[in-house]
Amino acid sequence: MKGLVLAGGKGLNMRPLSQDYPKVLLKVAGKPVIDYVLEGLISAGVDDLVVVVSDERVEEHIVRKWGMYASVVYQEGEGLEAAILSALEYFKNFKHFVLAYGDIIAPRDFYKLILDTYINAGENPILSTVPVIDVESYGIAIIEGNVIADVSHEPSKLLKKSSYALAGAYVLPTKLFDYLESNYSLPDALSLLVKEEKTFMAHWTGYWIDIGYPWDIIAANCYVLGNLKRSLISSRAKIASTAIIEGPVIIEENAVIDHNAVIKGPAYIGKGAFIGMNTFIRKYTSIEEGAVVGAFSEIKRSSFQAESSAGSYSLIVDSVLGFRAVMEPRVTVLSALAEDKRILRELPLQGIIKKKRKLGVFMGPESRIKAGSIIQPFTLIDAKSTFP
Amino acid sequence: MNYVACGIIGVTARKNRGASSRIAEIVKKGLEKLEYRGYDSVGVAAIYDNKIVVRKGKGKLSEVNRRVKLDKVLGWTVVGHTRWATHGAPSDVNAHPHIDCSGRIAVVHNGIIQNYVELKKELTSKGHHFRSETDTEVLAHLIEEYLEEESGVFQAFKRALRRVKGSYAFGVIVADEPDKIFFARKDSPLVIGVGEGMNFIASDIPAFLEYTRNVIIVYDGEVGFITPDSIYLEDESGVPIDVKARIRKIDWTPDMAKKEGYPHFMIKEIHEQPRALRDTLRGLDESVEKASELILEARRVYFVAAGTSYHACLVGDYLLNVLAGIPSLSMISSEYKKYRRSIGEGDVVIAVSQSGETIDTLMAIRVFKKNGAKVISVSNIVDSAIPRESHYTIYTRAGPEIGVAATKTFTTQLLVLSWLSLSVAEKMGKLSRDKVEKLRKELEKAPSLVSDIIARYEGVTKKLGEELMNSSNAFYLGRGIGLPIAMEGALKLKEIAYIHAEAYPAGESKHGPIALVEPGFPVVFLVFEDEWKRHMLGNIEEMKARGAYAIGVIPEGSDFIEERLDKAIVIPKLEPIVGTIVYSVPLQLIAYYAAVAKGYDPDKPRNLAKTVTVE
């Protein structure tokens, strides 16, 4: 089966993490976001892929890692519709194709469910759906039985009726390209499609995150790490004899865990990452490739993107440090949000006992926080800037 | 007949492919995989030595196989069928395959032939002799009729198809052409499996997935035949289709195929509830009247059941007391011996069992019946053991339920028992005709109400399920008719998410259970639009004061309650009699999503079986 993967675009809601950095290359538990999509598709038998990109770094990654399965096309023009049309020539001679968004984190079974449903439904179009609490931030599906009755991107009309978000992977007839060429928007084209052809739903009930906002990286780490069943520790990681490692963890080769460091999994420590002496790494934390955590620090539910670093004596909670971001020593991050602060897409595993919603700092690539700073909850720091 | 799901399979192989009974074994294995489509009767037909042999019978595959040895039939061309009847009793004669007068043609069918009455009349007048009451048999006789006029079986088969109106997936074997299986599809699923020296047809891919992963999906209107080495397929207008171009390679785990776009049977069955309720409403017949007359004459009325069905009994028992003023009582069937001397002549026992085979319930009604009591049963399986031993049976029409946790069978049981209580209350003169009509109208809204609640709240219940995943305990509190629903909600959470959950009458919670509540302890409150609404607020307050995480299913317009809750699921204002059905649904979803979040398979809870047939 042939598939089209959308991996271009600017990721505006993802700022500052996406400032001069392609969103689909942000890492979750050791893998770029796009890899979750490609692995899922290939494992479901969609192994002839065209990836639409708008950044050389994404092209380079796809060619290097997925060259066997995927060709790369550069996006011409703005918007989803233009992105899809950029790949038109690859799909002309086919009846159906898979359209997948490059920024979805879900288990492989998600893609399998879609392809299974497609084959079993006698090759009708398939739209995947997922129940969510904040449906207004997604495309919305109205269902009747297991058939998609309508699709809309105008929440006001459908909000009270449906909690089903379109889940970002579909099997579609290639006539979708014709609709888009006649200037239909993608939502309108899908809406037209479900009226013309009986379109079945593939109803996904497991974990699913659309990486749209910076804190979605934290949510994705929680789910992916939360589903770790066992530990994997490279024989080439250097772990001090006095370090304590609990719960499921992945520790990659050449990672260094210094004396008295405590890691309470589930957690991920990437290739060549450094965990300083007496540092405490708590649940749902990913320290990606080449990142550094200085001595005597405490890290909870945070993501250190590749080559980012934090100096000694830091407290970092509910935060994401972008590519090569630097936190100087003795930085303290506060994260409890005021009760009336409204944030789309709440984080998982919150609000059970004390019902506090928490978000820390989100640092753009190559940004810097000065030593000794105290960072207020929900702080965004632009790429390459210095704070304060 | 408005809802029929059956499964068909056909295999034809070269004679050098092993022993002559091997194909029957493959067909039997395939039928096992298709049992989810129906399991009230089963059969096979094979061609051996240019004769057709049929073996079939009523009952589950394993029982029928024990009786007639389906898997020992000889032959290299074999078709099989597993049936699910909702109207017309399943019986040995009505089981598929069906044959013509000469016994040279055998047919298996999934679907409905709408014009079978006319066709049957026409064929009977031409001298055909019918054995069964099924619609399917007409096709065998039609083919027989046209075989005389047409050159070859395929032509005769196609001509017969042109006479048939309705939906179908057919598999046909004819002794004259012993290495072929003829097939056609219209509005019922059919797939072809392409093997080596062996080809397959089936209702669903898992039936043959063990033998080949190369599959052709047959489209509506297409017709053709398979031989051990070839496949012929043509479209509606008779144009041959390039078969090779249609072959797909399937790479999946077999059990995912039959779930129609859902990852688990349980969520599929939760979503099927609107249809199950609608079919149950349509299927209500004179048995309700007869049962209610029996109840009117009764000295005393008892309900007996186990598990989820017991919770349905508690609702039925509540309604009989409250609406009809009949002092009925519910018992758990394994505890029936308590009543073995007290229930007898003049009493009515209402037994509720999804499968109709629950052993404790069956034992209980046998004893009570022997004592002289009359038995009414509520079951989802036509003509199963408990209905057979009852004076009257009211059927739920929920269709096969595969998930071990009862969902659609519970809500349809509630519907049936509510309908029955209304009939009794009306006959007793305790409710006016107008009031009864009004409440029946409310019950008729259940399918659309359930459909709305699922669509609207599945997102919230998913979130709640994920939150509960980290709890090891939960309370479910309700009052009045809400109590049995709380009990069912707690049972669901226990049985599939393995979270210890207890239900209490809300007023009872301060007599002990509240001692366990500490900050973050989840408590689910069921608040109905009834006399207990204000009392429930008090219960919420006392739990909140101890730091409970308060989740409520509450009626619209109860802002004063909603603002005290941590999470609220707001249901339209409903008569409690239909509220029971609607309130059950979010509780099913919460349990489902808690199980999924914890990484468990909700369809196969540990230590539990669908039907408990051992005491």
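Residues numbered from 1 in each chain as written. Chains lettered and ligands numbered in written order. Predicted model: local features only at pLDDT ≥ 70, side-chain atom pairs only at ≥ 80, totals over all residues. Heavy atoms only, no water.

(A) Inspection of the overall build of chain B at higher detail. The helix and strand tally for chain B stands at 19 helices and 24 strands. Its C-alpha atoms give chain B a radius of gyration of 27 Å, within 12% of the compact-globule value 25 Å for 615 residues. In terms of overall dimensions, chain B has a C-alpha envelope of 80 × 55 × 40 Å along the principal axes. When each of the 615 residues of chain B is scored for burial, the buried share is 63%. Pairs at least 24 apart in sequence give 72% of the contacts found in chain B among residues at least 6 apart. Looking at chain B as shown, the accessible area adds up to about 22400 Å², and 48% of this sits on carbon and sulfur atoms. (Helix = DSSP H or I, 4+ residues; strand = E, 2+ residues; numbered from the N terminus. Rg over C-alpha atoms; globule rule 2.2 N^0.38 Å. Buried < 20%, exposed > 50% of the residue type's maximum accessible area, 1.4 Å probe, protein only. Contact = heavy atoms within 4.5 Å. Areas by Shrake-Rupley, 256 points an atom, 1.4 Å probe, with all protein chains shown as cover.)

(B) Spatial organisation of helix α2 (residues 61-68) of chain B. All names here are of chain B. Taken together, the buried positions of α2 are occupied by Leu 61, Val 64 and Asn 65. Along α2, the residues classed as buried sweep out an arc of 100° about the axis, all on the same side. In the core, the buried residues of α2 are packed alongside α1 (22-34), β2 (41-48) and β3 (51-58). (Arc of directions from axis to C-beta.)

(C) How the structure looks around the pattern of salt bridges. Residue and element names in this part refer to chain B. For the coordinates displayed, the defined rule picks out 54 salt bridges over all chains. Salt-bridge contacts for Glu 122 lead to Arg 163; the nearest nitrogen and oxygen are separated by 2.8 Å. Here Glu 122, found in helix α3 (residues 116-125), pairs with Arg 163, found in helix α5 (residues 153-163); they are 41 residues apart in sequence, far enough to count as distant. Take Glu 122: its relative accessible area is 24%, and that puts it in the partly exposed class. Lys 494 is the partner of Glu 502 in a salt bridge, and the nearest nitrogen-oxygen pair spans 3.9 Å. The partly exposed category is assigned to Lys 494, whose relative accessible area is 31%. (Salt bridge = Lys/Arg side-chain N within 4 Å of Asp/Glu carboxyl O.)

(D) Structural view of the pairing of strand β11 (residues 214-217) of chain B. Sheet topology places strand β9 (residues 191-194) of chain B next to β11(B); three bridges connect them, and they run antiparallel. Across the sheet, Gly193(B) pairs through a bridge with Val215(B), a residue of β11(B). (Pairing = 2+ DSSP bridges.)

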